[in-house]
Amino acid sequence: MNSPVRAWGAVGGEPRFLVRGRGAYVWDADGNEYVDLVCAFGPLIAGHAHPDVLHALSNAARRGTGFGAPNPVEIELAEAIVEAFASMEKVRLVTSGTEATMTALRIARGATGRARIIKFDGNYHGHNDGLLVRAGSGSATLGVPSSAGVPEGISELTSVVDYNDIEGLEASLRADPPPAAVIVEPVAANMGVVPPVPGFLEKVVELAHEVGALVIFDEVISGFRVARGGAQERYGVHADITCLGKVIGGGLPVAAVGGRAEYIDLLAPTGPVYQAGTLSGNPVACTAGRETVRLLDEAAYATLESRGERLENGLREIIASSGVEVCVQRVGSLMTLFFGVSEVRDFRDASATDTAAFARFFRKMIDGGINIAPSQFEAWFLSLAHGDAEIDRILEVAAHALSS
Ligand SMILES: *Cc1c(COP(=O)(O)O)cnc(C)c1O
């Protein structure tokens, strides 16, 4: 297991080894077929093995797999990103979301000369020392609030506030020492899907700026997912620094940190904040990202929205007639079914879910040929390849799974 969120400890049974994917489907080593709602934990918004992406990838690989020098593809991907996000003038490409958030914090600290960071309970920002405090799905599934091996001197620089809690945030922002930044998942998707309550994101920006702190939106999941310009486009707010990952690599390792030029210019070689990466801007990886984001026009987002709506409505009907207590929370093509609760607004609500009921549901979904992540605290990801037939199949299996 090379990433703990793939383990089945919380649901029981043996993880399937997946050997092939195409469109909305994956196959395991025993030849079983599944409709895939994991989509590699988000990157595969165009579905598995999209022909345009594969074609461009094989051409790119034939030209060479890396140069350690600037190449045109990384510029094309960077231009697509900057065009999609009104708050980004410049962007630095990196290799993982963890690296993106690590760099974002360093920029914020470099820009403000302050050390303290504020994050939200249940938001996940990768496995950086300073951000592994009350960090959502992985630690929630394993039942540990934060990681061993993080020196107290580092974790004490991180303050944690409840998601969607404006008063809590305001108090933390005004506390001493003054914070360098607030980092937030503008659509929380690592404690299950939890949308920001109306006005929350606007307040985060307004209050942070009042005390001279930067606002970092971690859009590693929501970027190019809930709209082309991410949550910032969907909700009409702007961050100072934005982190991207997942979709912008189209299944290969690409992530990014971007923002206004005054911040990104702080990075080496133009500025004093050090950051580097042997594989940053890798031409093969950037080709997968560039081809994937090329497929994401307005029509693509309308499709994702309507498929998400159809799946949500179908699930709601099933839930209403089955009488089980499950709530569905969805933002575009991201959704979660929370068992045993009526609404989830923060990590405390998420922690009150009935994980045993989720585990029973999970086993029935898998046995019925629907691949969902093995945790109550993860999102379902729809792709452009999930059509009516796949949604019908998901609903049919879910109806059975929720009926008994
Ligand atoms: C996945 C994720 C990360 C970490 O990205 P990696 O590429 O796994 O390091 C960071 N933030 C959010 C919101 C994520 O969903």
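Being a predicted model, the structure only gives us computed values, none of them experimental.

1. Here's the deal with the packing of helix α11 (residues 298-322) against helix α14 (residues 388-403)
Next, step 1: Relative orientation of the contacting elements α11 and α14 amounts to 20°, with a least axis distance of 10 Å. When the axes of α11 and α14 are compared, the pair comes out roughly parallel. In the packing of α11 onto α14, the handedness of the crossing is right-handed. Contacts from Arg307, Arg310, Leu311, Gly314, Leu315, Ile318, Ile319 and Ser322 in α11 reach Asp388, Ile391, Asp392, Ile394, Leu395, Ala398, Ala399 and Leu402 in α14.
Next, step 2: Among the residues forming the contact of α11 with α14, the class breakdown is ten nonpolar, two polar and four charged.

2. Quick word on the packing of helix α2 (residues 72-84) against helix α10 (residues 283-294)
Next, step 1: In the contact formed by α2 and α10, the axes pass within 8 Å of each other and the chain directions differ by 35°. In this structure, α2 crosses over α10, and the sense of that crossing is left-handed. Packed against α2, whose contacting residues are Val73, Glu74, Glu76, Leu77 and Ala80, the element α10 presents Pro283, Cys286, Thr287, Gly289, Arg290, Val293 and Arg294 at the interface.

3. Some details on the sheet that holds strand β12 (residues 334-339)
Next, step 1: With antiparallel pairing, the three strands of this open sheet are ordered in space as β11-β12-β14. Since the sheet does not close on itself, it has two edges, and those belong to β11 (326-331) and β14 (380-381), each with one partner.
Next, step 2: Pairing geometry for β12 and β14, over two bridges, is antiparallel. What sits directly across from Met335, in β14, is Trp380.

4. Remarks on the packing of aromatic side chains
The description of an aromatic ring pair rests on the distance of the ring centres and on the angle between the ring planes.
Next, step 1: Under the defined criterion, the tally for this structure stands at eleven aromatic pairs.
Next, step 2: Geometrically, the ring pair formed by Trp8 and Phe362 is edge-to-face, given 4.9 Å between the ring centres and 90° between the ring planes. Placement of Trp8 in the segment before β1 (18-22) and of Phe362 in helix α13 (residues 355-367) is noted, with a sequence separation of 354 residues between them. A single burial state applies to Trp8 and to Phe362, both of which are buried.
Next, step 3: An aromatic cluster of at least three residues, connected via ring pairs, comprises Trp8, Phe339, Phe358, Phe361, Phe362 and Trp380.
Next, step 4: Directly above the aromatic system of Trp27 lies the positively charged group of Arg20, at a separation of 4.1 Å from the ring centroid.

5. What to know about the side chain of Asp240
Next, step 1: Looking at the secondary structure, you find Asp240 in the loop between α8 (230-235) and β9 (241-244).
Next, step 2: In this structure Asp240 comes out as buried when scored by relative accessible area, which is 3%.
Next, step 3: Looking at Asp240, its side chain comes within polar contact range of the side chain of His209, at 2.7 Å.
Next, step 4: Among the polar contacts listed, one links the side chain of Asp240 to the backbone nitrogen of Val215, at a separation of 2.8 Å.

6. Points about the domain arrangement of the chain
Put simply, an interface is often sized by how much accessible area is lost when its parts join up.
Next, step 1: Domain assignment breaks the chain into domain 1 (12-50 + 296-403) and domain 2 (52-294).
Next, step 2: Spacing between the C-alpha centres of domain 1 and domain 2 amounts to 25 Å.
Next, step 3: With 32 residues of domain 1 in contact, the opposing surface of domain 2 contributes 37 residues.
Next, step 4: It is Leu296, Val331 and Phe347 that lose the most area in domain 1 upon contact with domain 2, and together they represent 24% of the buried surface on that side.
Next, step 5: One can count two salt bridges joining domain 1 with domain 2.
Next, step 6: Put simply, Arg234 and Glu305 hold a salt bridge, and the shortest N to O gap is 3.0 Å.
Next, step 7: On inspection of domain 1 and its partner domain 2, the count reaches 16 residue pairs in polar contact (both at pLDDT 80 or more).
Next, step 8: Those elements that provide at least two residues to the side of domain 1 that touches domain 2 are α11, β11, β12 and α12 (347-351).
Next, step 9: Per element, the largest residue contribution to the side of domain 1 that touches domain 2 is four residues, and it comes from β12.

Conventions and cut-offs
Residues numbered from 1 in each chain as written. Predicted model: local features only at pLDDT ≥ 70, side-chain atom pairs only at ≥ 80, totals over all residues. Heavy atoms only, no water. Axes fitted to C-alpha atoms, helices over the stretch in contact; angles between N-to-C directions. Helix = DSSP H or I, 4+ residues; strand = E, 2+ residues; numbered from the N terminus. Parallel < 35°, antiparallel > 145°, perpendicular 65-115°, else oblique. Left-handed = near helix turned anticlockwise from the far one by under 90°. Contact = heavy atoms within 4.5 Å. Nonpolar A, V, L, I, M, F, W, Y, C, P; charged D, E, K, R; others polar. Pairing = 2+ DSSP bridges. Phe/Tyr/Trp six-rings, centres within 6.5 Å; stacked < 30°, edge-to-face > 60°. Buried < 20%, exposed > 50% of the residue type's maximum accessible area, 1.4 Å probe, protein only. Lys NZ or Arg CZ within 6 Å of the ring centre and 35° of its normal. Polar contact = N/O pair within 3.5 Å; in protein donor to acceptor, adjacent residues only side chain to side chain. Domains from an automatic or database assignment. Buried area = accessible area lost by both parts, 1.4 Å probe. Salt bridge = Lys/Arg side-chain N within 4 Å of Asp/Glu carboxyl O.

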